[in-house]
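If you want the building blocks of each chain, they are given just below.
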Amino acid sequence: MTTRTNLLDLTPSEAERVLREFAEAHGAGAYRGSQTARHLWTAPVATFEAMTELPAAFRALLAEHFTMPRLELTAQQTSTDGTRKFLFRMHDGQSIETVSIPDDDRVTFCISSQAGCPLACAFCATGAMGFARNLTPSEIAGQVRELALLDPPLRATNIVFMGMGEPLMNWAAVDRVLTILNSPQGFGIGARHITISTVGWLPGIQALAARPEQFRLAISVHAPSDALRATLMPVNIKFPLDDVIAAAADFDRRVTFEYVMLGGVNDQPEHAKMLASLAKRCRAFVNLIPLHPGGSMGFTPTGPSEIGKFARTIRAQGVEVAIRKSRGTDISAACGQLRVERLARGRPATADEDREVEIA
Ligand code: SF4
């Protein structure tokens, strides 16, 4: 039996070309290929069978030669503020999560790019799970597709790569996914509404900068000196802050700094001043992120008035700063938490997952 092609791993234009050639080769007319391609992303359906404007015989042929793999939705939670978290299981038993955050007329999806994460940031639940594997393009873009297949559908206006994993370590897949998200034949989401969040993985920043679209870059800074940052984010040893800031300064589009406020760790006035001077070097906008009110991974949150003071110190240096609204705190705010809770509740887990639960 021939291997079936996963259409969701292709860019929209590749998929349309393959499908048009396939349709012609089977005497169905190339336009049948284009009709099929529409149902991958722009008007997604769950199965070939559901492409009802196509003749039944052609749908059967498609199913013989191609796949459109689904992600299995195994858990979901809805916050009182409308934030929704989804846990998806993939074919090999690995789980990832996706979050949908409504805000006025925007709906932002926070998507995962890896199962687990190898970078072990001290404040992060995903980092504590260890690394399982990179996600494929169809598993990353598939998160957006699955939510569009819900009844009623959930459609993203904005995408942030801030779920599980470091997206720029999985550049080959993320590169493709950016095309799927942005292309009019894909989800048609404007590049300015798509943000890649990175710890500062330099080769990936350069690859992203080489793309012509205006995708946004967010850098997880979290500490304004190498000494402190290395204790919170081991990746700082490989890519020190100076190099990351230089790469951000070379990135000729808008850059945001992400800075999680850890009580007594990185929230002192001198930290605010150092952070402001880093932001000035690359004209970055600073986003201060309050830690989950219950704390996380042994850290305690900085109080709201201290966060306000920290923000004013930054602003006084002429740097734009915002305090991120806490969303979905009643359904576990920190990345990876839904997965940890679900696994810990005793669902049959693989040996790998058992290990991750212990660590988490
Ligand atoms: S914060 Fe991001 S990069 Fe760091 S361990 Fe968590 S998922 Fe990985």
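Worth saying up front: this structure is predicted, and the values here are computed from it rather than measured.

Draft legend 1. Quick peek at the domain arrangement of the chain. Splitting the chain by domain gives domain 1 (5–67) and domain 2 (72–355). Just the C-alpha atoms count here: the centres of domain 1 and domain 2 sit 34 Å apart. Facing the twelve residues of domain 1 at the interface are 15 residues of domain 2. When residues of the side of domain 1 that touches domain 2 are assigned to their parent elements, the largest contribution, three residues, is made by helix α1 (residues 12–25).

Draft legend 2. Spatial organisation of the pairing of strand β6 (residues 106–110). Taken together, the five bridges between strand β5 (residues 95–103) and β6 define a ladder with antiparallel strand orientation. Considered in β6, the bridge of serine 100 is made with phenylalanine 109. Hairpin connection between β5 and β6: a loop of two residues separates the two successive antiparallel strands, and aspartate 104 in this loop has a positive phi of roughly 50°. As defined by bridge partners, β6 adjoins strand β9 (residues 158–161) across three bridges and the pair is classed as parallel.

Draft legend 3. Examining the sheet that holds strand β12 (residues 255–261) more closely. Taken in spatial order, the ten strands line up as β3-β4-β5-β6-β9-β10-β11-β12-β13-β14 in an open sheet, and their pairing is mixed. Among the strands making up the open sheet, the edge pair consists of β3 (72–78) and β14 (321–323). Each strand axis lies, on average, 20° off the axis of its neighbour in the sheet, ignoring direction. As defined by bridge partners, strand β4 (residues 84–89) adjoins β5 across six bridges and the pair is classed as antiparallel. What sits directly across from leucine 87, in β5, is glutamate 97.

Draft legend 4. Looking closely at the site of the ligand. What surrounds the ligand is a group of twelve residues, the closest being Cys117, Leu119, Cys121, Cys124 and Gly127. Per-class residue counts for the shell around the ligand are eight nonpolar, three polar and one charged.

Draft legend 5. Region of the structure containing the environment of lysine 309. Tracing the backbone through its elements, the reader meets lysine 309 in helix α12 (residues 304–316). Residues lysine 309 and alanine 272 lie 37 residues apart in sequence; the distance between their C-alpha atoms is 9.3 Å.

Draft legend 6. How the structure looks around the environment of glycine 263. Position of glycine 263 relative to the elements: it lies in the loop between β12 and α11 (269–281). Separated by 37 residues in the primary sequence, glycine 263 and threonine 300 place their C-alpha atoms 5.2 Å from one another. Sequence-distant contacts of glycine 263, defined by excluding residues within four places in its chain, comprise Phe299, Thr300, Pro301 and Thr302.

Draft legend 7. Structural view of helix α7 (residues 202–209). Where α7 is concerned, the buried positions are Gly204, Ile205 and Leu208. The buried residues of α7 occupy an angular sector of 105° when projected down its axis, which confines them to one face. In this structure, the buried residues of α7 make contact with α6 (171–182), β10 (194–198), β11 (216–220) and α10 (241–250).

Draft legend 8. Inspection of the packing of α1 against helix α2 (residues 30–38) at higher detail. Between α1 and α2, the least distance of the axes is 7 Å, while the angle of their chain directions is 140°. Here α1 runs over α2; the crossing is right-handed. Within the contact between the two elements, α1 uses Pro12, Ala15, Glu16, Leu19, Arg20, Phe22, Ala23 and Glu24 and α2 uses Ala30, Arg32, Gly33, Ser34, Thr36 and Ala37. For the contact of α1 with α2, a count of residues per class yields seven nonpolar, three polar and four charged.

Draft legend 9. Seen up close, the environment of arginine 38. Mapping arginine 38 onto the fold places it in helix α2. Using a count of 17 C-beta atoms within 10 Å as the deciding quantity, one classes arginine 38 as partly exposed. For the pair arginine 38 and alanine 15, spaced 23 residues apart in sequence, the C-alpha to C-alpha distance is 9.8 Å.

Draft legend 10. Region of the structure containing unusual backbone geometry. The omega torsion of the bond from aspartate 151 to proline 152 falls at 0°, within 30 degrees of zero and hence cis. Checked against the element boundaries, proline 152 lands in the loop between α5 (137–148) and β9. The phi dihedral of alanine 120 falls on the positive side, at around 50°, and the residue is not glycine. Assignment of secondary structure puts alanine 120 in the loop between β7 (114–116) and α4 (125–129). Despite not being glycine, arginine 283 shows a phi value in the positive range, around 50°. Here arginine 283 falls in the partly exposed class, since 13 other C-beta atoms lie within 10 Å of it.

Draft legend 11. Structural detail: the confidence of the model for the chain. Residues of the chain with pLDDT of at least 70 account for 91%, and the chain-wide mean is 90. Counting interchain partners and residues more than four positions distant, the pLDDT-below-50 stretch residues 333–360 has 53 contacts.

Draft legend 12. Layout of the packing of α5 against α6. Across the interface, α5 lies against α6 with an axial gap of 8 Å and an inter-helix angle of 35°. Handedness of the α5/α6 crossing: right-handed. Only Ala173, Val174, Arg176, Val177, Ile180 and Leu181 of α6 make contact with α5, whose side of the interface consists of Pro137, Ile140, Ala141 and Val144.

Definitions and limits used
- Within any chain, residue numbers begin from 1 and follow the written order of that chain's sequence.
- It should be noted that, the model being predicted, local features are given only for residues of pLDDT at least 70 and side-chain atom pairs only at 80 or more, the latter also being counted only at that level, while totals for whole chains, interfaces and linings use all residues.
- Boundary definitions for the domains trace back to an automatic or database domain assignment.
- Contact between residues is assigned whenever the C-beta positions, reconstructed from backbone atoms, fall within 7 Å.
- Counting from the N terminus, the helices are the DSSP runs of H or I reaching at least four residues and the strands are the DSSP runs of E reaching at least two.
- Note: two strands are recorded as paired if DSSP finds a minimum of 2 bridges between them.
- Axis angles are defined between N-to-C directions and span 0 to 180 degrees, where every axis is a line fitted to C-alpha atoms and, for a helix, only to the segment in contact.
- All residues are tested the same way: a C-beta atom is placed from the backbone, and lying within 6 Å of a molecule or strand makes the residue near it.
- Only Asp, Glu, Lys and Arg are considered charged, only Ala, Val, Leu, Ile, Met, Phe, Trp, Tyr, Cys and Pro nonpolar, and every remaining residue, Gly among them, polar.
- Counting other C-beta atoms within 10 Å of each residue's C-beta, where C-beta atoms are placed from the backbone, gives the exposure class: buried for 20 or more, exposed for 12 or fewer, partly exposed between.
- The reported arc concerns the directions from the helix axis to the C-beta atoms and nothing else.
- Crossings are sorted by hand: turned counterclockwise from the far helix by less than a right angle, the near helix makes the crossing left-handed, and turned clockwise it makes it right-handed.
- Per-residue confidence from the predictor is reported as pLDDT, which spans 0 to 100.

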